[in-house]
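Chain and residue survey
The lines below spell out each chain.
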Amino acid sequence: MTTTKNAILKKLQGYNNSEATLLVALFLIGTVFTILSPFFLSIKNFLNIGIYSAIIGVTATTTTLALIQGCIDISVGSIMALTGMVCAILLKSGMPMAFAIIIAFSLGIACGAFNGLMVSKAKINPMITTLSTMTIFRGIAYLSNNGISIVINNNSFKWIGRGYIGPIPFIIILMLSAYFIMWYISKYTAFGRKIYATGSNTRASYLSGINVTRMIWIVYMLNGMMAGTSGILMAAQSGAGLPIAGEGYEMTIISACILGGTSLSGGKGSIWGTFIGVIMLTTISNGLTMLAVPTFWQHIIKGVILLISVLIDSIRSGALKKI
């Protein structure tokens, strides 16, 4: 009985140290914006926050898994742009919507697979690999239509990013489904446990029989798949394929993951913590826009948040105590 009680208390303590703290911070941020702007506290605005959270939120699910595994992927914003452009080009050519989506979706997986291959097989540093592919994928996105945006006239496709099921935007339902699936995978499957094990100690995981190379490759493929999904959603939401789409999103996604309790050193992380981190960052962006804060200042604030996120990660990992 005592053992069970201690286990429950330990679990609650872990929860309080991450998700609960974030929820309190989110509440305080919401309170400040409610006081400063009469338009913040409304159902319509909350739905807008959810809609804009969905784009980065979908990709953040698997970026969390990549970070837990001790890797990083900063090419996701470029994958979003590339898949969105390809989808728009195919729709403009008259290809049926389902086929256009499948091809763009598959392209996202292919981009992730290439990243995973370079990291797992070629043993190139994840940061260097994805920094290189970030530039490559973005360049291809621009070359695909000579840097010109493509307007999408397919209303069925645009419904994916703008449509509602009852009172709830479809894109929010899709994001919540992605979080539930990735949470279940990370929490209750052998694959999820292997991700945590690999991030905690790669050598020990290899010696225990885990195919570390394959694990890294699969997680990068998943991340490419979700970045591709975000690219398709972005194109549907904006009604256009934009070569500039997703620019800077990779840093916002990584910030959300770290704020949510995911460690840059691997082995630690929470899918739902990332979800709260995504909502928090989107809420801040939404509130600053409502207060008419200039875009330049918003960039500075987002950079400060990223720096604070990394500092928090250093404190959590005990890196500061080692100096």
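1. What to know about the overall build of the chain
Counting secondary structure elements, the chain contains 13 helices and four strands. Against the 2.2 N^0.38 benchmark of 20 Å for 323 residues, the chain shows a C-alpha radius of gyration of 20 Å, consistent with a compact globule. The principal-axis extents of the C-alpha atoms in the chain amount to approximately 65 × 55 × 40 Å. For the chain, the accessible area works out to roughly 15,900 Å², and carbon and sulfur atoms hold 71% of it. If the 20 positive side-chain charges of the chain are averaged to one point and the 5 negative ones to another, these points end up 10 Å apart.

2. Some thoughts on unusual backbone geometry
Phi is positive for Lys123, close to 60°, though the residue is something other than glycine. Within the secondary structure layout, Lys123 lies in the loop between helix 4 (97-120) and helix 5 (126-143). Relative accessible area serves as the criterion here: at 60%, Lys123 is assigned to the exposed category. The phi angle at Ala292 is positive, at roughly 60°, despite the residue not being glycine. Summarising the element assignment, Ala292 is placed in the loop between helix 12 (271-290) and helix 13 (295-317).

3. Things to note about the side chain of Ser270
Along the chain, Ser270 turns up in the loop between helix 11 (249-259) and helix 12. Engagement of the side chain of Ser270 in a polar contact is seen with the backbone nitrogen of Trp272, the distance being 3.5 Å. In this structure the side chain of Ser270 is engaged in a polar contact, spanning 3.0 Å, whose partner is the backbone nitrogen of Gly273. Not counting residues within four places of it along the chain, the set of residues in contact with Ser270 comprises Glu19, Thr64, Tyr196, Gly260 and Thr262.

4. Quick notes on empty space enclosed by the protein
Under the defined criterion, the tally for this structure stands at one cavity of 30 Å³ or more. At the level of elements, helix 3 (76-92), helix 10 (212-238) and strand 4 (240-241) are the ones that each hand at least two residues to the lining of the largest cavity. Classifying every residue of the lining of the largest cavity gives eight nonpolar, four polar and no charged.

5. Comments concerning the packing of aromatic side chains
For any pair of aromatic rings, the description consists of the separation of the ring centres together with the inter-plane angle of the planes. One pass over the structure, following the stated rule, counts nine aromatic pairs. Between Tyr179 and Trp272, the aromatic rings sit 5.8 Å apart at their centres with planes inclined by 25°, giving stacked as the arrangement. Of this pair, Tyr179 sits in helix 7 (residues 170-188) while Trp272 is found in helix 12, placing the two residues 93 residues apart along the sequence. An angle of 85° between the planes, with centres 5.4 Å apart, marks the rings of Trp183 and Tyr188 as edge-to-face. Residue class for Trp183 comes out partly exposed when judged on its relative accessible area of 24%. Given the relative accessible area of 46%, Tyr188 is considered partly exposed. Site record: aromatic cluster; members linked through ring pairs are Phe180, Trp183, Tyr184 and Tyr188.

6. Description of the packing of helix 7 against helix 10
In contact at an axis separation of 12 Å, helix 7 and helix 10 are set at 170° when each is read in the N-to-C sense. Judged by the inter-axis angle, helix 7 sits roughly antiparallel to helix 10. Here helix 7 contributes Ile171, Leu174, Ala178 and Met182 to the contact with helix 10, which in turn contributes Met226, Leu233 and Gln237. Its residues assigned to classes, the contact of helix 7 with helix 10 shows six nonpolar, one polar and no charged.

7. A closer look at the environment of Thr229
In this structure, Thr229 sits in helix 10. Taking the C-alpha atoms as reference, Thr229 lies 9.6 Å from Ser106; in sequence the two are 123 residues apart.

8. Remarks on the packing of helix 2 (residues 43-68) against helix 7
Interaxial distance between helix 2 and helix 7 falls to 8 Å at its minimum, and their mutual angle equals 25°. One finds that helix 2 runs roughly parallel with respect to helix 7. Seen along the crossing, helix 2 lies across helix 7 with a hand that is left-handed. Facing Leu47, Gly50, Ile51, Ser53, Ala54, Ile55, Gly57, Val58, Ala60, Thr61, Thr62 and Leu65 of helix 2, the residues of helix 7 in contact are Ile171, Ile172, Met175, Ala178, Tyr179, Met182 and Ser186. Residues of the contact of helix 2 with helix 7, tallied by class, amount to 13 nonpolar, six polar and no charged.

9. Describing a nonpolar patch on the surface
Taken together, Val32, Ile35, Leu36 and Leu291 make up a surface patch of nonpolar side chains, about 380 Å² in accessible area. Within the fold, Leu36 resides in helix 1 (residues 2-36). Leu36 gets classed as exposed once you look at its relative accessible area, which sits at 52%.

10. Re the confidence of the model for the chain
The share of residues in the chain with pLDDT of 70 or more is 92%, and the mean pLDDT across the chain is 89. Predicted confidence is poor over residues 7-16, with pLDDT under 50, and the contacts of this stretch with residues over four places away or in other chains come to three contacts.

11. Topic: helix 5
Given a rise of 1.5 Å per residue, 18 residues ought to cover 26 Å, and the 25 Å separating the end C-alpha atoms of helix 5 matches this to within 8%. Inspection of helix 5 places Pro126, Thr129, Thr130, Thr133, Phe137, Arg138 and Ala141 among the buried residues, and these make up the whole buried set. The buried side chains of helix 5 occupy one side of the element, clustering within an arc of 150° when seen end-on. Across helix 5 from its buried face, at more than 90 degrees, point the exposed residues Thr135 and Leu143. Elements in contact with the buried residues of helix 5: helix 3, helix 4 and helix 10. The backbone nitrogen of Met127 lies 2.8 Å from a side-chain oxygen of the residue at the head of helix 5, namely Asn125.

Parameters and conventions
- Residues numbered from 1 in each chain as written.
- Predicted model: local features only at pLDDT ≥ 70, side-chain atom pairs only at ≥ 80, totals over all residues.
- Heavy atoms only, no water.
- Helix = DSSP H or I, 4+ residues; strand = E, 2+ residues; numbered from the N terminus.
- Rg over C-alpha atoms; globule rule 2.2 N^0.38 Å.
- Areas by Shrake-Rupley, 256 points an atom, 1.4 Å probe, with all protein chains shown as cover.
- Lys, Arg positive; Asp, Glu negative; His and termini not counted.
- Charge placed at Lys NZ, Arg CZ, Asp CG, Glu CD.
- Buried < 20%, exposed > 50% of the residue type's maximum accessible area, 1.4 Å probe, protein only.
- Polar contact = N/O pair within 3.5 Å; in protein donor to acceptor, adjacent residues only side chain to side chain.
- Contact = heavy atoms within 4.5 Å.
- 1 Å grid on protein atoms, 1.4 Å probe; cavity = no way out; pocket = protein on both sides within 12 Å on 5 of 7 lines; lining within 4 Å.
- Points joined across faces, edges and corners; volume = space filled by probe spheres on them.
- Nonpolar A, V, L, I, M, F, W, Y, C, P; charged D, E, K, R; others polar.
- Phe/Tyr/Trp six-rings, centres within 6.5 Å; stacked < 30°, edge-to-face > 60°.
- Axes fitted to C-alpha atoms, helices over the stretch in contact; angles between N-to-C directions.
- Parallel < 35°, antiparallel > 145°, perpendicular 65-115°, else oblique.
- Left-handed = near helix turned anticlockwise from the far one by under 90°.
- Patch = residues over 30% accessible without salt bridge, like charges linked within 9 Å, V, L, I, M, F, W, Y side chains within 5 Å.
- Salt bridge = Lys/Arg side-chain N within 4 Å of Asp/Glu carboxyl O.
- pLDDT = per-residue confidence, 0-100.
- Expected span 1.5 Å × (residues − 1).
- Arc of directions from axis to C-beta.

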